[in-house]
Amino acid sequence: MPTPKLFAPGPVDVSKETFAAMCHPMIGHRGSDFEALYASLQPGLQEIFGTSRPVFLSTSSAWGVMEGALRNLARKKVLCLCCGAFSDKWLDVAKKCGFEAEAVQVEWGQAIDPEAVRAKLAEGGFDTVTFIHSETSTGVLNDLAGITKVVKSFPDTILIVDTVSSLSTVPMNMDTHGIDVMLAGVQKALALPPGLAVFAVSEAGMERAKSNSSRGYYFDFLEFAKNAAVNNTPSTPAISILFGLQHILGEIAKEGFAQRQERHAKTNAMIAAWGARHGFELFAPEGRRSFALTCFKTPDGFDLSGFIKNLKNKHNFLINGGYGKIKGLTFRISNMGNETEASMQELIDAMDDVLG
Ligand SMILES: *Cc1c(COP(=O)(O)O)cnc(C)c1O
């Protein structure tokens with residue numbers, strides 16, 4: 001059996017061209033070739049982040065930086081905005097790191113209400129907020145502008161934003177929004193193999209980190225900043241993935257960032273329309289849906305596992321049967337990365353065929 005093509009929301013399908021770029025002969029990371037590679041990535045990353053800050057390269061999955069950001073920046077009390085599997089887990093992680101952590105919790109499938117965040121922060125004492133822009137487990141795209149505005153109205157409150165499944169699918173504007181840490185793993189919307197996370201830190205974020213003596217080493221933001229100043233990383237990075245990232249950023253530049261976003265909007269709408277034709281309801285509310293993936297409610301009596309299995313066996317496409325506590329109750333289809341209207345149409349034709 002050939003390996004199925006991934007239409008699950010991460011990791012997603014990696015193109016042959018990306019893999020070819022990753023086959024670049026190995027280079028040492030303390031030398032001019034590496035510095036040139038590192039420097040070449042900055043403009044493209046800064047564009048998709050919407051920042052003039054350096055974008056750091058962490059050889060880890062996204063969780064490394066999600067935990068690292070707390071260890072660098074949180075002082076005592078963290079507010080976690082929870083609306084699905086990943087954002088709920090961030091609350092656990094904050095507790096495991098020894099912080100007092102509380103949640104603004106909404107039902108899975110709903111978006112975070114900025115006013116609820118305002119009310120909770122007004123109770124006082126919170127120094128750090130964690131927020132997931134696109135909650136990949138539910139397909140909800142949270143209100144980035146609304147949430148950042150509320151959090152920034154509380155002085156000395158640091159905002160950490162996970163854009164793992166939204167980066168490059170919608171405009172981000174880290175600097176304009178006043179986001180202190182913005183992070184993403186590369187195996188989702190950037191369609192690279194897993195193993196690398198990218199993140200940027202505001203000046204206020206760096207100041208907060210400086211005043212904290214328990215940053216550890218591997219994710220120490222000051223180490224990242226010191227090395228970034230000479231186009232380098234604190235420890236040996238996943239150099240092959242960086243060559244892949246260089247290729248993807250080149251592809252984004254060729255396509256145009258705005259065109260890329262338009263492509264994601266179109267391919268995402270194709271899947272929503274496919275679902276509507278078959279009577280599948282969307283899990284996320286209208287106006288708050290991710291452009292990178294679609295999460296459907298499984299209708300009563302629908303044989304979801306049979307559908308997924310037949311799609312795989314007959315057409316070699318893999319979609320996802322729900323994540324965390326909504327496994328089986330929902331299913332998810334990704335249109336992240338390199339997928340085009342043509343490739344999404346192939347998936348749609350295959351799904352139609354299986355549904356008969
Ligand atoms: C996948 C995902 C993560 C976790 O990423 P890892 O690379 O597995 O650490 C975190 N947040 C969101 C929104 C995700 O989609």
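Residues numbered from 1 in each chain as written. Predicted model: local features only at pLDDT ≥ 70, side-chain atom pairs only at ≥ 80, totals over all residues. Heavy atoms only, no water.

Chemist: Before we move on, could you go through the pattern of salt bridges and cite the residues and values that matter?
Modeler: Summed over all chains, the structure comprises 18 salt bridges. Between Glu-123 and Lys-120 there is a salt bridge, with its nearest N and O atoms 3.2 Å apart. A relative accessible area of 17% places Lys-120 in the buried class. One continuous salt-bridge network, built from bridges that share partners, spans Glu-102, Lys-120 and Glu-123. (Salt bridge = Lys/Arg side-chain N within 4 Å of Asp/Glu carboxyl O. Buried < 20%, exposed > 50% of the residue type's maximum accessible area, 1.4 Å probe, protein only.)

Chemist: So what's going on with the domain arrangement of the protein? Which residues, and what values?
Modeler: Along its sequence, the protein is carved into domain 1 (5-12 + 256-355) and domain 2 (17-253). Using only C-alpha atoms to locate each centre, domain 1 and domain 2 end up separated by 26 Å. Counting residues at the interface gives 27 residues for domain 1 and 31 residues for domain 2. Between domain 1 and domain 2, a total of about 2,500 Å² is buried, with carbon and sulfur atoms accounting for 63% of that surface. The interface formed by domain 1 and domain 2 contains zero salt bridges. For the pair domain 1 and domain 2, the number of links is 10 residue pairs in polar contact (both at pLDDT 80 or more). For the side of domain 1 that touches domain 2, the secondary structure elements donating two or more residues are helix H11 (257-277) and strand E11 (293-297). The element contributing the most residues to the side of domain 1 that touches domain 2 is H11, with four residues. Of the residues assigned to the side of domain 1 that touches domain 2, the class counts are 14 nonpolar, eight polar and five charged. (Domains from an automatic or database assignment. Contact = heavy atoms within 4.5 Å. Buried area = accessible area lost by both parts, 1.4 Å probe. Polar contact = N/O pair within 3.5 Å; in protein donor to acceptor, adjacent residues only side chain to side chain. Helix = DSSP H or I, 4+ residues; strand = E, 2+ residues; numbered from the N terminus. Nonpolar A, V, L, I, M, F, W, Y, C, P; charged D, E, K, R; others polar.)

Chemist: Before we move on, could you go through the pairing of E11 and cite the residues and values that matter?
Modeler: Counting buried positions along E11 yields four of five residues, so the element is predominantly enclosed. Pairing geometry for E11 and strand E13 (residues 330-334), over five bridges, is antiparallel. Looking at E13, one finds that Leu-293 is bridged to Ser-334. (Pairing = 2+ DSSP bridges.)

Chemist: Before we move on, could you go through H11 and cite the residues and values that matter?
Modeler: Under the 1.5 Å per step criterion, the end-to-end length of H11 is 31 Å for 21 residues, consistent within 8% with the ideal 30 Å. Packing partners of the buried residues in H11 comprise helix H2 (32-49), helix H10 (239-255), E11, helix H12 (304-315), E13 and helix H13 (341-355). A positive phi of about 75° marks Gly-279, the residue just after H11. (Expected span 1.5 Å × (residues − 1).)

Chemist: Go over the environment of Ala-85 with me, naming the residues and quoting the values.
Modeler: In this structure, Ala-85 sits in helix H4 (residues 85-96). When the C-alpha positions of Ala-85 and Glu-207 are compared, they lie 31 Å apart, and in sequence the two are 122 residues distant. Ignoring anything within four residues of it in the chain, the contact list for Ala-85 reads Trp-108, Glu-135, Ser-137 and Tyr-323.

Chemist: How would you summarise the sheet that holds strand E3 (residues 77-82) if you had to cite specific residues and measurements?
Modeler: Reading across from one edge, E2-E10-E9-E8-E5-E3-E4 is the order of the seven strands in this open sheet, with mixed pairing throughout. Each of the sheet's edge strands pairs with one partner strand only, and the pair in question is strand E2 (55-58) and strand E4 (100-105). For this sheet, the mean angle separating the axes of adjacent strands, direction not counted, is 20°. Note: E3 against strand E5 (residues 128-132), three bridges, orientation parallel. Looking at the pairing, Cys-80 lines up with Thr-130 of E5. Against the sheet, helix H9 (residues 221-228) contacts E2, strand E9 (181-185) and strand E10 (197-201), and its axis sits at roughly 115° relative to E2. (Axes fitted to C-alpha atoms, helices over the stretch in contact; angles between N-to-C directions.)

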